[in-house]
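# Structural overview
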Amino acid sequence: MDIRPEEITSIIKKELSKYTARLTVESVGTVIQVGDAIARIHGLDDVMVGELIEFSENIMGMVLSLEEDSVGAVIFGSDNPDRDIKEGDLVKRTGKIVRIPVGEALLGRTVNTLGKPIDGKGEIHTDKFRALHVNAPNIVERQPVFEPLETGIKAVDSMIPIGRGQRELIIGDRQTGKTAIAIDTIINQKGKGVYCVYVAIGQKMSNIVAVAETLKKYGAMEYTTIVSASSCASASLQYLAPYAGCAIAEELMFSGKHALIIYDDLSKHAQAYRQLSLLLRRPPGREAYPGDIFYLHSRLLERAAKLSNDLGGGSLSAIPIIETQAGDITSYIPTNVISITDGQIYLESDLFYAGIRPAVNIGFSVSRVGGKAQPKAMRQVAGKLRMDLAQYRELVTFTQFGSELDKTTQSQLTRGERMVEILKQKQYEPLSLAEQILIIYVGTQGFLDDIPVNQIALFEKEFHAYVNADFPQISIEIESKKVLSEELMKKLEEVADSFKKEFLARHSKK
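An account of the accompanying structure is given in this report.

So, how was this worked out
- Residues numbered from 1 in each chain as written.
- Predicted model: local features only at pLDDT ≥ 70, side-chain atom pairs only at ≥ 80, totals over all residues.
- Heavy atoms only, no water.
- Helix = DSSP H or I, 4+ residues; strand = E, 2+ residues; numbered from the N terminus.
- Buried < 20%, exposed > 50% of the residue type's maximum accessible area, 1.4 Å probe, protein only.
- Contact = heavy atoms within 4.5 Å.
- Polar contact = N/O pair within 3.5 Å; in protein donor to acceptor, adjacent residues only side chain to side chain.
- 1 Å grid on protein atoms, 1.4 Å probe; cavity = no way out; pocket = protein on both sides within 12 Å on 5 of 7 lines; lining within 4 Å.
- Points joined across faces, edges and corners; volume = space filled by probe spheres on them.
- Nonpolar A, V, L, I, M, F, W, Y, C, P; charged D, E, K, R; others polar.
- Pairing = 2+ DSSP bridges.
- Axes fitted to C-alpha atoms, helices over the stretch in contact; angles between N-to-C directions.
- Parallel < 35°, antiparallel > 145°, perpendicular 65-115°, else oblique.
- Left-handed = near helix turned anticlockwise from the far one by under 90°.

### Description of the environment of Glu-104
- Within the secondary structure layout, Glu-104 lies in the loop between β7 (99-102) and β8 (110-111).
- Accessibility expressed as a relative area gives 44% for Glu-104, which makes it partly exposed.
- With 121 residues separating them in the primary sequence, Glu-104 and Thr-225 have C-alpha atoms 9.4 Å apart.
- Excluding anything up to four places from it in sequence, Glu-104 contacts Leu-252 and Lys-257.
- Among the polar contacts listed, one links the side chain of Glu-104 to the side chain of Lys-257, at a separation of 3.0 Å.

Below you can see the structure in the form of structure tokens.
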């Protein structure tokens, strides 16, 4: 076979003319220090705060601190980062901000901070993702709160009402029923078109399982997602958990739906962030918290909103929980979150141990927005209730001195005792709007003044059953019109009077 050099030369030239250089540029850094799930990296000059970075062995991390000559990052997905990552290891940029899967596929599931299922029900199939850190909706994108978020708890719905799109803080010492109010609120959203996200931060795993089982028992898990960052999770995952939960809830809000998110609790969230900040050598401030601790919570809670109709009119209501020490609400984190939120429900240990549950201190509790969203029927009865309780609290203080009481004072004390008894409510038994209004109206109009205090709970239970069985139209009218007309009030008084006579006849002999 003849070899023709000119032919070979022409083929080579042709191929060379087609060749284009392809360069791939990667931003790479080197680990210079690692420990306590924190890595300090040299290089990565163009990395972003909040960006995902990749260590060796497919271990991921997130940039949290940018300094002049190094980058501070938290490490994910490694139980022992000190063993898996060594000094001198290479670290690569991914160019992606930390994000998690979102959408309705997560309803009924329990996931970790990174959106991975931990409930043993298989993979979550969704094509929607949202970044953990995004800007809160601006003024133009919002509208005023005007729809009620009913908790089913008499003490809250009557005097500390919450609206859809509001941020209402639950604050109190440990073991005073903070989580109980949050769980009752979730259970009460059944059939109301409100989707719920429960974020457990630094909780014992047994507590998180108990919450999941309770929600499942009352049929609330169908519309709820639990984000778990238990006490055994790293500080970095506990720090990111509320932002992950917020991203899941925001997807529902921007889809035109109503969402409710519970942060349980932000005290442990602040402690996790303090731990990370001190490990990153950031300067400590008051109580050793870093200087941006207020910004940490404000950028999270400001994402709760009632969106404008142009954006679908969806809403995200936030109920953060803060644990106090010995009832001190003037310490650093409680005062921060109180100033960010639209009101607080203050739970008191003394009331809890006195058997008043939920142990809500009405004097210290307030709602700065929800009154505008409160149904008119509830406003009609709640004003008298608040006044009766205020007079009762004032008089109880004076009667401790043992002075003799005149008839008016005695009647106010009698009424107040029964109002306090009315507001007691068992856990996992939220009431409808009509049921709450019925019993509060009966109490404020004096029908319970001659009923023994120890029979108030029985009276309430039997009264609801009596109205539902013989006069269901009363409840239907309250639920539909949400206002108490003159005719309805007369009818209600007649029904209450006839039932009371029957109740006293049956129980006076006992």
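### Some words on the layout of surface pockets
- The space that makes up the largest pocket amounts to roughly 660 Å³.
- Residue lining of the largest pocket: 24 residues in total, with Gln-175, Thr-179, Gln-203, Asn-207 and Asp-264 positioned closest to the centre.
- Only α4 (178-188), α5 (205-217) and β15 (315-323) provide two or more residues apiece to the lining of the largest pocket.
- The class makeup of the residues in the lining of the largest pocket is 8 nonpolar, 9 polar and 7 charged.
- Approximately 540 Å³ is the volume attributed to the second largest pocket.
- Forming the boundary of the second largest pocket are 22 residues, of which Leu-52, Met-60, Arg-99, Leu-114 and Lys-116 lie nearest the centre.
- Of all the secondary structure elements, the ones that give two or more residues to the lining of the second largest pocket are β6 (90-97) and β7.

### Regarding the sheet that holds strand β3 (residues 51-54)
- With respect to topology, 6 strands assemble into a closed barrel ordered β1-β2-β5-β4-β3-β6, the strand pairing being antiparallel. Between one strand axis and the next, the sheet turns by 45° as a mean value, whatever way the strands run.
- Pairing geometry for strand β2 (residues 38-43) and strand β5 (residues 71-75), over 4 bridges, is antiparallel. Of the residues in β5, the one forming a bridge with Arg-40 is Gly-72.

### Considerations on the packing of helix α6 (residues 235-254) against helix α8 (residues 293-301)
- Interaxial distance between α6 and α8 falls to 10 Å at its minimum, and their mutual angle equals 15°. As far as their axial angle goes, α8 and α6 are roughly parallel. Here α6 runs over α8; the crossing is left-handed. Only Leu-296, Arg-299 and Leu-300 of α8 make contact with α6, whose side of the interface consists of Tyr-239, Pro-242, Tyr-243 and Cys-246.
- Taken together, the residues of the contact of α6 with α8 break down into 6 nonpolar, no polar and 1 charged.

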